[in-house]
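Each chain, letter by letter, is given below.
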Amino acid sequence: MPVFRVSRQVACWMLQSPACGCRASVLPSRLLGTSPRQIPMDANFHSTSFSEADQQRVLITGGLGQLGVGLASFLRKRFGKDNVILSDIRKPPEHVFLSGPFIYSDILDYKNLREIVVNNRITWLFHYSALLSAVGEANVSLARAVNITGLHNVLDVAAEHGLRLFVPSTIGAFGPTSPRNPTPDLCIQRPRTIYGVSKVHAELMGEYYYYRYGLDFRCLRYPGIISADSQPGGGTTDYAVQIFHEAVKNGRFECNLKPDTRLPMMYIDDCLRATLEVMEAPAESLSMRTYNISAMSFTPAELAQEVLKHIPELQVTYNVDPVRQAIADSWPMNFDDSNARKDWGWKHDFDLPELVTTMLNLHGSESRVAQAN
């Protein structure tokens with residue numbers, strides 16, 4: 001009687017009986033029909049497994065943020081244009097829409113997220129949806145929903161469908177009681193922003209799902225990321241992006257941090273390459289689930305001095321934002337990323353002089369094109 005046939009494995013999950021000889025809990029409980037988001041009893045639980053030789057199918061959430069568009073472009077060169085899907089809840093600019101697959105995805109809508117993964121046969125998920133530090137402090141309830149509830153949805157979908165999941169963490173995952181110079185991978189973490197708290201939560205939940213459910217969770221703690229392709233998005237390290245916009249456009253820049261505030265930074269090309277490298281690293285080479293990565297560390301004054309070598313007429317002033325300054329003063333000054341370099345061969349390409357030259361060349365090209373148009 002095929003209608004009543006249920007596999008032994010599904011029966012064990014549903015009954016959770018020690019007599020069946022199965023683990024008491026193989027997947028998070030809501031994936032077994034115990035939450036309002038129930039899976040039908042006739043659902044097929046034998047998820048497809050993908051070997052390393054198979055072409056990856058990639059989903060990027062929060063894709064219109066600072067890193068998503070660049071990551072999509074980078075991964076499409078590796079996996080093909082149609083195999084990397086960018087998603088967000090906002091309408092994309094035309095050039096983003098035309099550059100490759102883009103879909104609407106709300107990480108707070110569990111059913112929508114699950115349908116996207118199933119319908120597109122996703123194998124890798126990069127979860128970039130988050131409210132950053134300064135914006136999160138201005139709207140804690142929204143940050144809590146997006147950064148924590150959204151993460152839970154992503155973790156459950158990834159565990160159910162056997163995805164390899166990447167969730168970025170940040171220098172903001174540390175607090176004033178953490179060692180700051182340098183900050184190792186494992187130490188006290190007591191952040192004082194909702195952004196930082198949510199990132200520590202993500203690190204621990206991802207590690208828990210790895211040990212509890214076998215989820216292939218991978219995480220990098222990013223330093224401040226500098227890119228010419230995106231506008232600042234409400235982060236404490238935004239000054240290091242904004243200075244290039246203002247230097248080329250106006251010849252003057254007002255910094256909202258003190259001139260001697262030292263923070264770890266990285267050019268976006270290094271960031272994207274590190275992200276792909278840790279995702280492609282053999283599982284046996286990873287001694288931990290969350291790694292620090294770094295490239296350089298500088299202060300606003302040091303960055304301004306390097307920019308002045310190219311634009312001597314640049315005027316730099318300081319108008320300190322007490323909220324952002326307090327956040328920066330609780331963050332690492334330098335990252336110890338020796339484990340990443342040892343385990344999977346991380347090595348950065350861009351130091352401060354190369355960063356400044358590259359950013360000014362890119363912004364200078366954009367400015368000349370705008371003037372011509």
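Residues numbered from 1 in each chain as written. Predicted model: local features only at pLDDT ≥ 70, side-chain atom pairs only at ≥ 80, totals over all residues. Heavy atoms only, no water.

Asker: Explain the sheet that holds strand β12 (residues 296-298) here, please?
Answerer: Within a sheet, neighbouring strands are paired by backbone hydrogen bonds and run either parallel or antiparallel to one another. Read across the open sheet, the 3 strands follow the order β8-β10-β12; overall the sheet is mixed. Every other strand in the sheet has two partners, leaving β8 (224-226) and β12 as the edge strands with one partner each. Neighbouring strand axes in the sheet, compared pairwise and without regard to direction, differ in orientation by 45 degrees on average. Helix α9 (residues 268-280) contacts β8 and β10 (263-267) of the sheet and is inclined by roughly 80 degrees relative to β10. (Pairing = 2+ DSSP bridges. Helix = DSSP H or I, 4+ residues; strand = E, 2+ residues; numbered from the N terminus. Axes fitted to C-alpha atoms, helices over the stretch in contact; angles between N-to-C directions. Contact = heavy atoms within 4.5 Å.)

Asker: How do you make sense of the confidence of the model for the chain when you look at a structure like this?
Answerer: Close inspection of predicted coordinates is inappropriate for parts of the model with low pLDDT. Put simply, the chain has an average pLDDT of 86, and 82% of its residues get 70 or more. The model gives residues 1-25 a pLDDT under 50, and that stretch makes 17 contacts with residues more than four places away or in other chains. Long-range and interchain partners of residues 367-373, a stretch whose pLDDT sits below 50, account for 1 contact in this model, where long-range means more than four residues apart. (pLDDT = per-residue confidence, 0-100.)

Asker: How should I be thinking about helix α7 (residues 194-213) in this particular structure?
Answerer: Given 3.6 residues to a turn, an α-helix orients residues that are three or four positions apart in the same direction. Compared with the 28 Å implied by 1.5 Å per residue over 20 residues, the 27 Å span of α7 between its first and last C-alpha is a close match. Listed as buried for α7 are Ile194, Tyr195, Gly196, Ser198, Lys199, Val200, Ala202, Glu203, Gly206, Tyr209 and Tyr213. Buried residues belonging to α7 abut α5 (133-138), α6 (140-160), β6 (169-170), β7 (216-222) and β11 (290-292). One or two positions beyond α7, positive phi appears at Gly214, with a value near 75 degrees. (Expected span 1.5 Å × (residues − 1). Buried < 20%, exposed > 50% of the residue type's maximum accessible area, 1.4 Å probe, protein only.)

Asker: Honestly, the pattern of salt bridges in this entry has me stumped. Any pointers?
Answerer: Side-chain pairs of opposite charge can arise where the charged atoms are in close proximity. Following the criterion strictly, the structure yields 16 salt bridges and no others. Of the charged contacts in the structure, one is a salt bridge between Arg221 and Asp185, with a shortest N-O distance of 4.0 Å. Taken together, the positions of Arg221 in strand β7 and Asp185 in the loop between β6 and α7 put the pair 36 residues apart, joining distant regions of the chain. For Arg221, a relative accessible area of 2% gives the class buried. On the accessibility criterion, Asp185 (4% relative accessible area) is buried. For the salt bridge of Arg221 with Glu203, the shortest nitrogen-to-oxygen distance reads 2.9 Å. With Arg221 in strand β7 and Glu203 in helix α7, the pair connects residues that are 18 residues apart, well separated along the chain. Residue Arg221 shares its accessibility class with Glu203, and that shared class is buried. (Salt bridge = Lys/Arg side-chain N within 4 Å of Asp/Glu carboxyl O.)

Asker: Can you help me understand the packing of aromatic side chains in this one?
Answerer: What characterises a pair of aromatic rings is the spacing of the ring centres plus the angle enclosed by the ring planes. In this structure the tally under the stated criterion is 13 aromatic pairs. Ring centres of Tyr208 and Tyr209 lie 6.1 Å apart, and the angle between their planes is 70 degrees; on these two criteria the pair is classed as edge-to-face. By relative accessible area, which is 41% here, Tyr208 ends up partly exposed. According to the relative accessible area criterion, Tyr209 is buried, its value standing at 8%. (Phe/Tyr/Trp six-rings, centres within 6.5 Å; stacked < 30°, edge-to-face > 60°.)

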